[in-house]
Amino acid sequence: TTAKKSDALFKNKIATAWHLERSKDGAVHIRDFGGVGDGVTNNTAAFQKASAYLQTNGGTLIIDPGIYIVGKQRFTGSYTSGSSYFAEPILSFTDAKMPIVISGNQATLKAADGLKFGSFNPVTGEKDSIRQQGNRSSYYASAYTIINAVRCSSISIKGLTLDGNSGKLIMGPAFGPEGIQLAATGIGLYSNKNVTVADCYIHHCALDAILIAWTGLKDSDPVYPHTIINVKTQLNGRQGISWVGGNSLTVINSEFSSTGKALNNGVPVVSKPSAGIDIEIENSIIRNGNFINCMVYNNAGSGVISIGHDTYNINFKKCTFIGTTNSAAYPKSQNFTFDSCTFVGKVERIFGAADPTKATSFKDCVFSLDPALSPNGQVFGDSWEFYEAQNVVFDHCQFDAGHKNLPTFNTPEIVFLNCTFSQSSDKDFIAAAIFKGNTKFIMKGKGKIVTDRSNFSGN
């Protein structure tokens with residue numbers, strides 16, 4: 001036994017020296033740490049070793065093409081351990097001082113079958129059968145966070161597919177009133193200084209595809225840029241992207257779809273708000289967000305949602321939002337702007353304010369209820385709901401209700417500048433708002449325009 005231990009230590013030293021030799025250019029391969037992309041071998045330990053190496057040395061981890069099974073849980077067996085099943089880290093970094101690059105080469109990291117997720121008894125390991133007493137922290141079972149970075153100087157993730165395998169989780173009862181609000185996340189980013197996620201596909205995570213947080217951030221703190229480019233998220237449980245704190249997030253050419261629509265034994269894997277994009281402050285600030293040329297569609301919740309938050313300078317440009325079973329957008333937080341965007345389906349609860357600089361604004365946007373513009377032919381809603389929209393401005397926007405109805409604008413403080421309205425239904429269009437510039441009404445059915453002409457200036 002002693003000889004075997006000595007031999008193992010010697011081999012470990014040789015392997016470590018080999019890694020260091022290979023890493024003079026800053027790059028190592030996951031196979032150097034024992035990773036096998038055969039779709040069968042559990043590679044959790046290999047990624048843990050790679051994480052420890054990069055944590056100290058920085059550099060680039062090259063994940064060669066293949067399917068790498070990841071994810072393990074430790075059963076606590078105790079009511080006092082704080083959980084029932086503890087998810088082991090996979091690729092996880094904390095306080096890394098050197099830049100870290102994860103280069104995927106189109107490899108897939110797939111969560112293992114049979115991980116437990118939800119409420120489970122910490123002593124018997126069985127699904128919690130007494131939930132009526134309330135959720136207890138000792139009963140929770142978190143499944144995984146495939147890539148986790150906390151307070152790191154620079155993290156770059158590119159060319160990866162992350163498969164949360166939510167259909168093969170063992171699901172326990174909900175933990176919390178809005179589904180299973182526990183870790184089953186593709187990428188978790190917490191208080192990092194510089195982040196890039198590029199060319200990734202993240203799907204079937206039971207919670208979020210990407211979670212970005214920075215607790216305690218203040219306006220006086222430095223700006224820490226986060227950039228997401230060419231990322232597709234699909235069939236995740238809670239959000240395509242959750243942004244709960246940060247200053248400077250840029251999302252370009254990305255897609256967020258079908259949140260809350262994956263199935264596990266025929267039951268949807270879903271937790272509220274089940275949005276494509278959720279912007280929700282948690283003990284922090286959210287400032288300076290730019291979403292450019294993004295597609296958001298077919299989510300169980302709203303395409304983009306934010307409710308009552310002190311946000312600032314949140315901009316969407318050339319983005320498309322398609323609501324099939326819920327609204328296309330629910331932007332009820334301050335300082336949101338939409339430029340050259342398309343909305344198919346209901347848009348609701350836009351943010352209005354006595355201070356015009358805080359109210360939502362739309363420029364060169366198209367609003368449609370046409371099912372031909374939906375990828376599955378479904379469109380949610382019979383109209384749009386623009387309530388509490390004081391000083392909201394629609395500038396050069398088009399509203400096409402088709403055979404459905406143009407909304408009743410009952411907030412006189414809404415401003416429509418050079419806008420076009422069209423419908424084919426026989427319902428009257430009640431327009432109590434402010435109309436400026438060249439306003440056009442195209443009424444193809446028998447419906448009439450009912451309005452106070454004193455609200456019009458221009459044509």
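Being a predicted model, the structure only gives us computed values, none of them experimental.

Our next topic: the overall build of the protein chain. If you tally the helices and strands in the protein chain, you get 2 helices and 42 strands. The proportion of buried residues among the 459 residues of the protein chain is 53%. Considering only contacts within the protein chain whose residues lie at least 6 apart along the sequence, 65% involve residues at least 24 apart.

It is worth spelling out the sheet that holds strand β29 (residues 329-332) at this point. The 8 strands lie next to each other as β7-β11-β14-β16-β18-β23-β26-β29, forming an open sheet whose pairing is parallel. The open sheet has two edge strands, β7 (91-94) and β29, and neither has a second partner. Adjacent strand axes in the sheet meet at a mean angle of 15°, parallel and antiparallel pairs treated alike.

This paragraph deals with the confidence of the model for the protein chain. On average, the protein chain scores 90 in pLDDT, and the residues at 70 or more come to 90%. In the model, residues 1-24 has pLDDT below 50 throughout and makes 13 contacts with residues more than four positions away in sequence or in other chains.

The next point concerns unusual backbone geometry. K272 connects to P273 through a cis peptide bond whose omega is 5°. One non-glycine residue, D95, lies in positive phi territory at about 60°. Residue placement: D95 occurs in the loop between β7 and β8 (100-111). Positive phi values are uncommon outside glycine, yet N313 reaches one of about 60°. With respect to the element layout, N313 can be found in strand β27 (residues 311-317). The class of N313 is partly exposed, set by a relative accessible area of 27%.

Time to look at the pattern of salt bridges. Counted under the stated rule, the structure contains 8 salt bridges. Among the ionic pairs, D95 bridges to R151, the shortest N-O distance being 2.8 Å. Remark: R151 occurs in the loop between β11 (144-150) and β12 (155-163) and D95 occurs in the loop between β7 and β8; sequence separation between them is 56 residues. Taking the relative accessible area as the measure of exposure, R151 reaches 44% and is therefore partly exposed. With its nearest N and O atoms 3.9 Å apart, the salt bridge here joins K404 to D382. Highlighted residues: K404 in the loop between β35 (398-400) and β36 (415-417) and D382 in the loop between β33 (366-368) and β34 (393-395), separated in sequence by 22 residues. By relative accessible area, which is 52% here, D382 ends up exposed. Through salt bridges with shared partners, a single ionic network connects D219, R287 and D310.

Our next topic: the environment of N192. Its location among the elements puts N192 in the loop between β14 (184-190) and β15 (195-203). Overall, N192 belongs to the buried group, its relative accessible area being 0%. Through-space distance from the C-alpha of N192 to that of V150 is 6.0 Å; in sequence the pair is 42 residues apart. For N192, the contacting residues outside a window of four places in its chain are A149, V150, R151, C152, W214, Y224 and H226. From its side chain, N192 meets the backbone oxygen of A149 in a polar contact 3.0 Å long.

The next thing to look at is the packing of aromatic side chains. Tallied over the entire structure, the rule returns 35 aromatic pairs. Both rings, one in F367 and one in W384, keep their centres 6.3 Å apart while their planes meet at 80°; by these two values the pair is edge-to-face. Taken together, the residues span a long stretch of sequence, with F367 in strand β33 and W384 in the loop between β33 and β34 at a distance of 17 residues. Overall, the relative accessible area of 0% leaves F367 in the buried class. What makes W384 buried here is its relative accessible area of 3%. Centre to centre, the rings of F394 and F399 are 5.4 Å apart; their planes meet at 65°, and the pair counts as edge-to-face. The residues F394 and F399 share a single accessibility class, namely buried. Over the ring of Y201 we find K232, and its NZ or CZ is 5.3 Å from the ring centre.

About the cut-offs
- Residues numbered from 1 in each chain as written.
- Predicted model: local features only at pLDDT ≥ 70, side-chain atom pairs only at ≥ 80, totals over all residues.
- Heavy atoms only, no water.
- Helix = DSSP H or I, 4+ residues; strand = E, 2+ residues; numbered from the N terminus.
- Buried < 20%, exposed > 50% of the residue type's maximum accessible area, 1.4 Å probe, protein only.
- Contact = heavy atoms within 4.5 Å.
- Pairing = 2+ DSSP bridges.
- Axes fitted to C-alpha atoms, helices over the stretch in contact; angles between N-to-C directions.
- pLDDT = per-residue confidence, 0-100.
- Salt bridge = Lys/Arg side-chain N within 4 Å of Asp/Glu carboxyl O.
- Polar contact = N/O pair within 3.5 Å; in protein donor to acceptor, adjacent residues only side chain to side chain.
- Phe/Tyr/Trp six-rings, centres within 6.5 Å; stacked < 30°, edge-to-face > 60°.
- Lys NZ or Arg CZ within 6 Å of the ring centre and 35° of its normal.

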